[in-house]
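Take a look at the letters that make up each chain.
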Amino acid sequence: MTSLAHALSPASRAESLRVLASEEMDVLVIGGGVVGAGAALDAATRGLRVGLVEARDYAAGTSSRSSKLFHGGLRYLEQFNFSLVFEALKERSLVLNTLCPHLARPVPFIYPLEKRIDRPYVGLGIGVYDVMGAGRGVPGHHRHLGRKKTLESFPSGKRSAIRGAVRFYEGQVDDARHTMMLARTAASYGASVVNSTRVTGFLREGDRVVGVSATDLETGESLDIRAKQVINAAGVWTDEIQEMVGGRGQFQVRASKGVHLVVPRNRINSATGIITRTEKSLLFVIPWGSQWIIGTTDTDWKLDLAHPAASKSDIDYILEQVNKLLADPLDHSDVVGVYAGLRPLLFGESDSTSTLSREHAVSSPVRGLTVIAGGKYTTYRVMAKDAVDSAVHGLGGTVPACVTEQIPLVGAEGYNGAYNRRSLTAERAGMRVSRVEHLLGRYGTLTSEILDLIDRNPELGEPLSSAPEYLKAEAYYAASHEGARHLEDILTRRTRISIEVDDRGDAAAEEIAALVAPVLGWSDTHVAEEIEHYRLRVLAERDSQQQPDDDTADAARLGAPDVRAGVRA
């Protein structure tokens, strides 16, 4: 492997498609979410010939719509699921310290105490959580705060509701960027990774799966991809993929909808994030740049999997819950962005998704096919390892063990030194130090590639006029190096403009389309179509968020066609 990260460019995608169509893979992964990308990296770093196909975009489903936290899961501690908590805390440490310190960082939170009886109960739970994660990537241990110190830290807190708090740390990450970087790292180790490529069926020889049939949704061309082993890592689409081999597997997956709101940072005055319990789930108020992310819900979802819709009742519920803690209540006018994601839960006996298992399971329903499902974002690496461990049993010979505990993602190598030199970098680039910090937190040491683009074309060093937290170079780089194929990919996943500005990226769409058209080979007609697609998406999402329930919200969201040809909207 060279020291340079592999660029997920249009040319590299074309070459990966050529390789997939002409060479037999050792392992082919279906699904470009965090588990699929993690599995591709795991297999590639064992010296295997690896392919990955994703129907839409890297992290387009669940993996771009989480709470953006690497956390052990206080909820699972309440369920006495100590093994899952310990596993997650170990993974949090790996991510923060070794795998991607440029993308993940520790963030302080408080758990407000609303009743006298809360302190011993909450304190014991967080204390156990803290001990289990001792020394695991966060700056300090938990602390108990009295009422006065709590309100000094959280001035927006409702004085009549708060008696104190427990302060502790969690890990935060931009989930979509992290997943894309996993795929890019896999590519740097030789994996052929492609998005906009939908699996349409399985290739069979007798009772064995020997590959897949797929369609390139950018061109409509079909291809057969042969592989000795196939891993189904399709998340909430697991059952749909399973039906292609003749029915359900050994377990089923149920989708649970989680909705999050984004509000301006100045609407809540707090020095830390906030975690509290509601009647149905945990509520997070998470610092996110110049905004807060507030969520989440936990409700059964049986409608469209690609575009889960947040309804007015979802938004009302979250506002109602957070306002129990706020002296100055939030209302709908404060909401800048909304997003909804689906958790892939293993099917259980209970009707309540909040009690279904977040542990993962691996099975092999047909020779040549491995299925991985369940789990949580934080434990993606363990899930990927277990899936590849299962798949390699069918390869014969000796395959090396998993090494991903020691494989930093692209941009991580040398990050701490680069961060320490940020003032010098800013001086040489003619930027504010805060701008360089922003770049380092998104690209790590690959920031040098952004600065090289700006050196060659100084115009790319200007901020986007409609989303000034981002440089024009970042939009360009998303298409030239990060595999973005459409405006939606850039506005919702490579950046977070779709939830961070009031117009949901409507104005930025035109600006970014002009920047990336030469990279992606778009004609003027194609540019106009991309802008129209994105604006229809924004309108449909806004409409869905005015609807009273899931059914009407889903119908409204599906009013916008999907930008990828052949993908059901």
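Residues numbered from 1 in each chain as written. Predicted model: local features only at pLDDT ≥ 70, side-chain atom pairs only at ≥ 80, totals over all residues. Heavy atoms only, no water.

Looking at an unreviewed UniProt entry, one finds the protein chain named Glycerol-3-phosphate dehydrogenase and attributed to Rhodococcoides kyotonense. Checking UniProt for the protein chain, the heading Subcellular location (unreviewed entry) contains the comment "Cytoplasm". The annotation that UniProt attaches to the protein chain under Sequence similarities (unreviewed entry) is "Belongs to the FAD-dependent glycerol-3-phosphate dehydrogenase family." (UniProt positions renumbered as here; feature names shortened; annotations may be inferred.)

A few words now on the pairing of strand 4 (residues 104–113). For strand 4, the tally of buried residues reaches eight of 10 residues, placing the bulk of the element in the interior. Sheet topology places strand 4 next to strand 6 (residues 164–173); 10 bridges connect them, and they run antiparallel. Looking across to strand 6, one finds that Y111 is bridged to V166. Relative to strand 12 (residues 273–277), strand 4 is paired through two bridges, and the arrangement is parallel. Note on strand 12: the bridge partner recorded for F109 is G273. (Buried < 20%, exposed > 50% of the residue type's maximum accessible area, 1.4 Å probe, protein only. Helix = DSSP H or I, 4+ residues; strand = E, 2+ residues; numbered from the N terminus. Pairing = 2+ DSSP bridges.)

Further remarks concern the packing of aromatic side chains. A full pass over the atoms with the stated rule returns four aromatic pairs. With a centroid separation of 5.7 Å and an interplanar angle of 70°, the aromatic rings of F70 and Y377 are classed as edge-to-face. With F70 in strand 3 (residues 69–70) and Y377 in the loop between strand 18 (369–374) and helix 10 (380–392), the pair connects residues that are 307 residues apart, well separated along the chain. Classification of F70 as buried rests on a relative accessible area of 0%. A relative accessible area of 12% means that Y377 is categorised as buried. Between Y377 and Y380, the aromatic rings sit 6.5 Å apart at their centres with planes inclined by 55°, giving tilted as the arrangement. The residues Y377 and Y380 share a single accessibility class, namely buried. One aromatic cluster is present, built from ring pairs that chain together F70, Y377 and Y380. Above the face of the Y443 ring, R177 is positioned so that its terminal group lies 4.6 Å from the ring centre. The residue whose ring lies beneath R265 is W292, and the NZ or CZ to ring-centre distance is 4.6 Å. (Phe/Tyr/Trp six-rings, centres within 6.5 Å; stacked < 30°, edge-to-face > 60°. Lys NZ or Arg CZ within 6 Å of the ring centre and 35° of its normal.)

This brings us to the domain arrangement of the protein chain. Per the domain assignment, the segments making up the protein chain are domain 1 (10–62 + 177–252 + 357–406), domain 2 (104–171 + 254–348) and domain 3 (457–559). One C-alpha centre belongs to domain 1, the other to domain 3, and the line joining them spans 28 Å. Interface area, domain 1 with domain 3, both sides summed: about 1100 Å², of which 39% is carbon and sulfur. For the salt bridge of D57 with R494, the shortest nitrogen-to-oxygen distance reads 2.8 Å. Run the count over domain 1 and domain 3 and you get seven residue pairs in polar contact (both at pLDDT 80 or more). Top element by residues in the side of domain 1 that touches domain 3 is helix 7 (residues 175–188). It accounts for three residues. (Domains from an automatic or database assignment. Buried area = accessible area lost by both parts, 1.4 Å probe. Salt bridge = Lys/Arg side-chain N within 4 Å of Asp/Glu carboxyl O. Polar contact = N/O pair within 3.5 Å; in protein donor to acceptor, adjacent residues only side chain to side chain.)

The next subject is a positive patch on the surface. A contiguous patch of positive charge on the surface is contributed by R116, R147, R159 and R163. When you line up the elements, R147 lands in helix 6 (residues 147–153). Take R147: its relative accessible area is 40%, and that puts it in the partly exposed class. (Patch = residues over 30% accessible without salt bridge, like charges linked within 9 Å, V, L, I, M, F, W, Y side chains within 5 Å. Areas by Shrake-Rupley, 256 points an atom, 1.4 Å probe, with all protein chains shown as cover. Lys, Arg positive; Asp, Glu negative; His and termini not counted. Charge placed at Lys NZ, Arg CZ, Asp CG, Glu CD.)

Time to look at the confidence of the model for the protein chain. Chain-level pLDDT for the protein chain is 91 on average; 92% of the residues reach the 70-or-more range. Low pLDDT (under 50) marks residues 349–357, which in the prediction has 22 contacts with non-local residues, meaning those over four places away or in another chain. (pLDDT = per-residue confidence, 0-100. Contact = heavy atoms within 4.5 Å.)

Within the fold, R493 resides in helix 16 (residues 487–494). One polar contact links R493 to D57, side chain to side chain, over a distance of 2.7 Å. A distance of 3.2 Å separates polar atoms of two side chains, one belonging to R493 and the other to T492. When residues no more than four places from it in sequence are discounted, the contact partners of R493 are D57, Y58, A59, A60, S64, A176, R177, E488 and R564.

Turning our eyes to something else, we now look at the nonpolar core. Counting residues in each nonpolar core, the largest one holds 90 residues, and the members touching the most others are I231, I497 and I512. With residues up to four places along the chain from it excluded, the contact list for I231 reads V27, L28, V29, I30, T370, I372, A387, V388 and A391. (Core = buried A, V, L, I, M, F, W, Y, C linked by side-chain atoms within 4.5 Å.)

Turning next to unusual backbone geometry. A cis geometry characterises the amide bond from G295 onward to T296, with omega recorded as 25°. For K68, which is not a glycine, the phi torsion comes out positive at approximately 65°.

So, about the environment of I286. When you line up the elements, I286 lands in strand 13 (residues 282–288). For the pair I286 and H178, spaced 108 residues apart in sequence, the C-alpha to C-alpha distance is 18 Å. Every residue in contact with I286, bar those within four places of it in the chain, is listed here: S67, L69, F109, Q172, Q291, W292 and I293.

To continue, consider helix 16. The buried fraction of helix 16 amounts to eight of the eight residues, a majority that puts the element mostly inside the structure. Of all the positions in helix 16, only L487, E488, D489, I490, L491, T492, R493 and R494 are classed as buried. Tucked inside the fold, the buried residues of helix 16 contact helix 7, helix 13 (433–443), helix 15 (472–480), helix 17 (497–500), helix 18 (506–520) and helix 19 (524–544).

What follows concerns the environment of K149. Inspection of the secondary structure assignment puts K149 in helix 6. With 15 residues separating them in the primary sequence, K149 and G164 have C-alpha atoms 7.6 Å apart.

Where side chains of opposite charge bring their charged atoms close, a pairing between them can arise. Counted according to the given criterion, the structure contains 43 salt bridges. In this structure, R442 and E474 form a salt bridge, with 2.6 Å as the shortest nitrogen-oxygen distance. Pair noted here: R442 is in helix 13 and E474 is in helix 15, with a separation of 32 residues, a long-range link. By relative accessible area, R442 is classed as buried at 8%. Classification of E474 by relative accessible area gives buried; the value is 1%. Linking R537 and E541 is a salt bridge whose minimum nitrogen-to-oxygen distance equals 3.3 Å. Here R537 pairs with E541, and both are found in helix 19, just four residues apart, close to one helical turn. Taken individually, R537 and E541 each receive the classification buried, so the pair is uniform in this respect. One network of salt bridges, with partners in common, ties together R56, D57, E488, D489, R493, R494, R537, E541, R557, D562 and R564.

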